[in-house]
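Notes for the structure review
Now for the letters of each chain:
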Amino acid sequence: MASPAPSGSPPLVIYSCTDEQMLEVTELVGDSATAAIVCSQYDCSFTAVSCVLKYLAAQQADLSEQMDGTAKAEVALSLDVAFLLFSAYLVFGPMQLGFALLCAGAIRSKNSMNVLMKNILDACTGAIGFYLFGYAFAFGHHANQTSNAFIGDHNFALSYTTQVSSLDSNVSYDGFATQGWHVFFFQWSFCAAATTIVSGAVAERCTFQAYLAYAFFISSFVYPVVVHWVWSASGWLSAFNTSRDGYALLLQTGAIDFAGGGVVHLTGGMAALMGAWIIGPRIGRFDASGKVNEMKGHSATLVVMGTFLLWFGFYGFNPGSNLTIATTASAIVVSRVAVTTTLSAGAAGLTGLFWRYMRTSTWDTVLVCNCCLAGLVGITCSCSVVEPWAALICGFVAAFVFIGFEYVVLYKMKIDDPVSAVALHLFCGVWGLLFPGLLAQPTYVADVYGAYGFGPDVKGSKKFGILYGGHGQVLLCQVIEALSICAWVGVMMGAFFGLLKVAKRLRVPVDQELAGLDVSKHTNEAYNGAIMPTAGGGAGGGGGYGSNGGERGSGFYTGAGPAGDTSTGGGHAANGGYD
């Protein structure tokens, strides 16, 4: 029998069973509580079996819907994890190999094996340092809590990650999706990239012990602190920190650093500046009057190969920084990032090509490589929030930033940076940080950061590039990030390298430097004793080409020294490189 629903309830019919019907239903379903539900929801006046079948059909439909939702969530998680792991493979594999090849090609052959070994040890030492301390300082916090705004305080040696990466984990906050093994691996690949930037800047004269100590220090402490500031949900610079009534701590906006133009490149570039400055120039880099003597790299082939591998790796570095791809919105962002990354690099490479040709009527291969990499560094912060035409502008300017500051570092600051890591990472990194404050597109900013510290009112509060009519808080946040990273890394790495220098542990002895670190430290040579081709030339007028001075001669390998001497003479002055 049925009765109307109580007053104020939804217009549903509530059924009831007689005692006899209740007994029949109970016998069918097995317990009185379920029987009461069946009798209240279905008409059992015809037969008890029919209403029980209706109940079971409804339960099956509900269960199917729940299972479908669970399956979709599992597929989405699996897709996101695979995307993040593959991106990390690109960042670690092609990029680290690209670093090694480019750095080896940009220095003299007698030190190639040594710098290759240091590039390998960046990854080895960084893995241990980031595992023990770095990842905890970067993202660590206790379950259902947040850490302080300066540094993480939990998950040392992946203790928390191990817990949430278990199938029987009961952690309900920040579980496997956000703190699992894949996240550590992805973040470590970025740490390895930041660590290896310094290797080229101090190449040909840094001791092995000092370099190992540096790699551990920056990967376990200096770099992770910067990561926490900018990318952690608790960091004071972070656009993902929503602790201020749903907005970021810094100007209710936070800094836009999508893929690490400041976190990775500026950090590595500033460390390279301090290392190259404190360790001093290579013997013979400057004469008694301070004039620059050219010291050529030995292989343009390696430089070009390294450049292509690095460019390839940037498709894990930039698109992968979205961290997810399983939704349409995420796929759109990832695709846009790949396009803007490509356009910035292409524009920068062509800019360097024609700039050098207009000045010297020659085509400079190494400069084109460096400018392509400058464009990749420059777009890293803003790749998700700028339009394609804006990416062209970013790359165009980045090329001139590199060319100008490569000259300033060598000729004005008198700092010997064999692979131009300072110009490429420090100064192009600063340009990249400033760029979102100029040309961050309103809709793209809302899409990427509107759900976080920027808040849902991105357009109304004009939190986008000033050239789109935005207010200046975005640009100001970018300036604050640049200054903060430079100050932190400059002080930390300056003190570190300074202490090593005082302790006489930073630089190799003069005789070892002159002989070459391959022979003196590895008792072997990269080319098994083969003599790299050279040709004689007038002093200062030998071959090669200077990335900033316009010097040119008959070829990449020609030099001022005697035939077979690969440690003196011409080449590309301050030849650049991405390391």
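Remember, predicted model here, so these are calculated numbers, not experimental data. (Residues numbered from 1 in each chain as written. Predicted model: local features only at pLDDT ≥ 70, side-chain atom pairs only at ≥ 80, totals over all residues. Heavy atoms only, no water.)

**Looking at the overall build of the protein**
- Within the protein one finds 18 helices and two strands.
- When contacts within the protein are restricted to residue pairs at least 6 apart in sequence, long-range pairs at least 24 apart make up 73% of them.
- For the protein, the exposed surface amounts to about 23000 Å²; the carbon and sulfur share of it is 66%. (Helix = DSSP H or I, 4+ residues; strand = E, 2+ residues; numbered from the N terminus. Contact = heavy atoms within 4.5 Å. Areas by Shrake-Rupley, 256 points an atom, 1.4 Å probe, with all protein chains shown as cover.)

**Regarding the environment of serine 199**
- Here serine 199 is to be found in helix 7 (residues 181–201).
- Between the alpha carbons of serine 199 and alanine 215 there is a distance of 9.3 Å; along the sequence they are 16 residues apart.

**Focus on the confidence of the model for the protein**
- Taken over all residues, the pLDDT of the protein has a mean of 85, while the share at 70 or more is 87%.
- Throughout residues 1–11 the model reports pLDDT below 50, and contacts reaching past four residues in sequence, or to other chains, amount to 11 contacts.
- Ignoring residues within four places in sequence, the model shows residues 534–579, a span with pLDDT below 50, making 173 contacts including any to other chains. (pLDDT = per-residue confidence, 0-100.)

**Side note on the pattern of salt bridges**
- Per the counting criterion, the structure on display carries six salt bridges.
- Here arginine 285 makes a salt bridge to aspartate 416, at a shortest N to O gap of 3.2 Å. A residue pair is termed long-range when its members are at least 10 positions apart, and arginine 285 in the loop between helix 9 (261–279) and helix 10 (300–317) and aspartate 416 in the loop between helix 13 (388–412) and helix 14 (421–439) qualify at 131 residues. Side by side, arginine 285 and aspartate 416 carry an identical accessibility label, which is buried.
- Glutamate 513 is the salt-bridge partner of arginine 507, the closest N and O atoms lying 3.0 Å from each other.
- For arginine 507, a relative accessible area of 27% gives the class partly exposed.
- Judged by its relative accessible area of 3%, glutamate 513 falls in the buried class.
- Salt bridges sharing common partners tie together Arg108, Glu204, Arg282, Arg285 and Asp416. (Salt bridge = Lys/Arg side-chain N within 4 Å of Asp/Glu carboxyl O. Buried < 20%, exposed > 50% of the residue type's maximum accessible area, 1.4 Å probe, protein only.)

**Side note on the packing of aromatic side chains**
- With the rule as written, the count across this model stands at 36 aromatic pairs.
- Between tryptophan 389 and tyrosine 468, the ring centres sit 6.5 Å apart and the planes meet at 45°, which makes this aromatic pair tilted. Taken together, the residues span a long stretch of sequence, with tryptophan 389 in helix 13 and tyrosine 468 in the loop between helix 15 (442–449) and helix 16 (473–502) at a distance of 79 residues.
- Overall, the relative accessible area of 42% leaves tryptophan 389 in the partly exposed class.
- Each ring, one from phenylalanine 396 and one from phenylalanine 400, has its centre 5.2 Å from the other, and the planes form 75°; the classification is edge-to-face. Taken together, the positions of phenylalanine 396 and phenylalanine 400, both in helix 13 and four residues apart, correspond to about one turn of that helix.
- On the basis of relative accessibility, which here comes to 31%, the residue phenylalanine 400 falls in the partly exposed class.
- The lysine or arginine in question, arginine 336, covers the ring of tyrosine 444, its NZ or CZ lying 3.7 Å from the ring centre. (Phe/Tyr/Trp six-rings, centres within 6.5 Å; stacked < 30°, edge-to-face > 60°. Lys NZ or Arg CZ within 6 Å of the ring centre and 35° of its normal.)

**Topic: a nonpolar patch on the surface**
- A surface patch of nonpolar side chains, about 410 Å² in accessible area, is lined by Ile128, Tyr131, Leu132, Phe133 and Phe156.
- Look at leucine 132 and you get partly exposed, because its relative accessible area is 30%. (Patch = residues over 30% accessible without salt bridge, like charges linked within 9 Å, V, L, I, M, F, W, Y side chains within 5 Å.)

**A look at the packing of helix 7 against helix 9**
- For the pair helix 7 and helix 9, the least separation of the axes is 8 Å and the interaxial angle reads 30°. Classified by the angle between their axes, helix 7 and helix 9 sit roughly parallel to one another. Between helix 7 and helix 9 the crossing geometry is right-handed. Across from Phe190, Ala193, Ala194, Ile197, Val198 and Ala201 in helix 7, the residues of helix 9 making contact are Val264, His265, Gly268, Gly269, Ala271, Ala272 and Ala276.
- Partitioned by chemical class, the residues of the contact of helix 7 with helix 9 number 10 nonpolar, three polar and no charged. (Axes fitted to C-alpha atoms, helices over the stretch in contact; angles between N-to-C directions. Parallel < 35°, antiparallel > 145°, perpendicular 65-115°, else oblique. Left-handed = near helix turned anticlockwise from the far one by under 90°. Nonpolar A, V, L, I, M, F, W, Y, C, P; charged D, E, K, R; others polar.)

**Looking at the environment of valine 422**
- Tracing the backbone shows valine 422 in helix 14.
- A residue is classified by how much of its surface remains accessible, and valine 422, at 0% relative accessible area, is buried.
- Residues valine 422 and glutamate 406 lie 16 residues apart in sequence; the distance between their C-alpha atoms is 7.7 Å.
- Excluding residues that lie within four positions of it along the chain, valine 422 makes contacts with Gly269, Ala272, Leu273, Val409, Asp417 and Phe427.

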